[in-house]
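# Descriptive analysis of the structure
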Amino acid sequence: MRAVRCVDGRATVVELAAPAGEGVRIKTASAGVCGSDLHMLDLGMLGPYTIGHEFAGWLEDGRPVAVEPLHGCGDCGLCRTGDYNRCPANLADIAGISRDGGMADEVLMWPEAVVPLPTGVDVRDACLVEPIAIAVHGFRMIGLRGDMRVAVIGGGTIGQTALAVARLTGGETAVSARHDAQNEAAARLGAAPLTDEPYDVVVDAAGTSSALADAAARCRPGGTMLLLGTYWAGMELPAMDVRVKEIR
Ligand SMILES: [Zn+2]
Ligand SMILES: [Zn+2]
């Protein structure tokens, strides 16, 4: 079967034997390229595993499923209270990073990773379930309501899925994106024009110090910043805005 792995620092399609052993067999239908995949390629952080932690496919009986790429140890206090995404054991066992992921014709996953898709969700779109879940989780953490104005900094997958999820509350949501294609996608998802009026919630979906500074500048006093990006190059805190505006 085909699989995408890091060979000499580059994402490369290689031929492998189909996976054997324990687990639920999933035939991949779709896989997303995460910004983190590109950073990990650049930083030489990817091991001898198949790349891809955003993916969906079919079980052997043909049922379409999305895949949750991590699971906790199942045993610690965090796992027992349902916060298994925070389990320290996760880093050693994430599909596409520290074990084989979804950019292959087939992959074996633990049974709890399988999330059956409801009728009407195309399995070819369902590689977006993982980034959408990140946005849903983040907005739940900050208690997003429909009367809050939201700005999203960054127009990649995380930015677009944050926009789509925020729009479900019915509130005004704007996106600051760099590229025309990203702005067009945001417009199709119902983005409002970005204004200079301070926002109740500003999402950093880019994961850079300049995006964070922009987020802090656009946040109203007493507002909230939601950091959904990953700061691969570290982070410079826009300390004065955060301090003076009492941004949470
Ligand atoms: Zn990712
Ligand atoms: Zn645990």
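All of these numbers come straight from a predicted model, not from anything done at the bench. (Residues numbered from 1 in each chain as written. Chains lettered and ligands numbered in written order. Predicted model: local features only at pLDDT ≥ 70, side-chain atom pairs only at ≥ 80, totals over all residues. Heavy atoms only, no water.)

So, on to the overall build of the chain. Scanning the chain from N- to C-terminus turns up 7 helices and 11 strands. Against the 2.2 N^0.38 benchmark of 18 Å for 248 residues, the chain shows a C-alpha radius of gyration of 19 Å, consistent with a compact globule. Projecting the C-alpha coordinates of the chain onto the three principal axes gives extents of approximately 55 × 40 × 40 Å. Counting over 248 residues, the chain shows a buried share of 42%. Intrachain contacts of the chain at a sequence separation of at least 6 include 63% that bridge at least 24 residues. Approximately 13000 Å² of the chain is accessible, and the part contributed by carbon and sulfur atoms is 55%. When the 21 positive and 31 negative side-chain charges of the chain are each reduced to one mean point, those points stand 4 Å apart. (Helix = DSSP H or I, 4+ residues; strand = E, 2+ residues; numbered from the N terminus. Rg over C-alpha atoms; globule rule 2.2 N^0.38 Å. Buried < 20%, exposed > 50% of the residue type's maximum accessible area, 1.4 Å probe, protein only. Contact = heavy atoms within 4.5 Å. Areas by Shrake-Rupley, 256 points an atom, 1.4 Å probe, with all protein chains shown as cover. Lys, Arg positive; Asp, Glu negative; His and termini not counted. Charge placed at Lys NZ, Arg CZ, Asp CG, Glu CD.)

Let's shift gears to the coordination of the zinc ion (ligand 2). Protein-derived coordination of the zinc ion (ligand 2) comes from Cys 73 (SG), Cys 76 (SG), Cys 79 (SG) and Cys 87 (SG), at a distance range of 2.3 to 2.4 Å. Each of the 4 donor atoms around the zinc ion (ligand 2) contributes to a set of angles spanning 106 to 114°, which defines the coordination as tetrahedral. On the basis of relative accessibility, which here comes to 12%, the residue Cys 79 falls in the buried class. (Donors = N, O, S within 2.8 Å, 3.2 Å for Na, K, Ca; no water. Tetrahedral: all angles 85-135°; square planar, octahedral: opposite > 155°, others 65-115°.)

Our next topic: the domain arrangement of the chain. Looking at the chain, the domain boundaries give domain 1 (2–124) and domain 2 (131–244). The interface of domain 1 with domain 2 comprises 8 residues on the first partner and 5 residues on the second. The contact between domain 1 and domain 2 buries some 510 Å² in all, and 63% of this surface belongs to carbon and sulfur atoms. Three residues, Ser 36, His 39 and Glu 54, lead the burial of domain 1 against domain 2; their summed loss comes to 50% of the area buried on that side. One can count 0 salt bridges joining domain 1 with domain 2. Our enumeration of links across domain 1 and domain 2 arrives at 1 residue pair in polar contact (both at pLDDT 80 or more). The element that contributes the greatest number of residues to the side of domain 1 that touches domain 2 is helix H1 (residues 35–42), accounting for 3 residues. The class makeup of the residues in the side of domain 1 that touches domain 2 is 3 nonpolar, 3 polar and 2 charged. (Domains from an automatic or database assignment. Buried area = accessible area lost by both parts, 1.4 Å probe. Salt bridge = Lys/Arg side-chain N within 4 Å of Asp/Glu carboxyl O. Polar contact = N/O pair within 3.5 Å; in protein donor to acceptor, adjacent residues only side chain to side chain. Nonpolar A, V, L, I, M, F, W, Y, C, P; charged D, E, K, R; others polar.)

Once that is clear, we can look at H1. Side chains of residues three or four places apart in an α-helix project in the same direction, reflecting 3.6 residues per turn. Of the positions making up H1, those classed as buried are Ser 36, Asp 37, Met 40 and Leu 41. All buried residues of H1 fall inside an arc of 140° around its axis, so they share one side. Buried residues along H1 sit against strand S1 (2–7), strand S2 (10–15) and strand S3 (24–32). (Arc of directions from axis to C-beta.)

It is worth spelling out the state of the cysteines at this point. Tallied over the full model, the rule gives 0 disulfides. Cysteine Cys 127 remains unbridged, with the sulfur of Cys 34 as its closest cysteine sulfur at 11 Å. (Disulfide = S-S within 2.5 Å.)

Counted under the stated rule, the structure contains 0 aromatic pairs. Taking the ring centre of Tyr 199 as reference, the NZ or CZ of Arg 149 above it sits at 4.2 Å. (Phe/Tyr/Trp six-rings, centres within 6.5 Å; stacked < 30°, edge-to-face > 60°. Lys NZ or Arg CZ within 6 Å of the ring centre and 35° of its normal.)

Among the structural elements, Ser 36 can be located in helix H1. For Ser 36, a relative accessible area of 12% translates into the label buried. For Ser 36, the side chain forms a polar contact with the side chain of Trp 232, separated by 3.4 Å. Contact partners of Ser 36, with chain neighbours within four places excluded, come to Thr 230 and Trp 232.

A word on the pairing of strand S6 (residues 106–109). Both faces of S6 are covered, namely the face carrying Glu 106 and Leu 108 and the face carrying Val 107 and Met 109. Judged from the 4 bridges that link them, S3 and S6 form a sheet pairing that is antiparallel. Opposite Lys 27, over in S6, you have Glu 106 as the bridge partner. (Pairing = 2+ DSSP bridges.)

What follows is about the coordination of the zinc ion (ligand 1). Those protein atoms acting as donors to the zinc ion (ligand 1) are Cys 34 (SG) and His 53 (NE2), and they sit at 2.0 to 2.3 Å. Of this pair, Cys 34 sits in the loop between S3 and H1 while His 53 sits in the loop between H1 and strand S4 (54–58); the two residues are 19 residues apart in sequence, bridging distant segments of the chain. The class for Cys 34 is buried, based on a relative accessible area of 12%.

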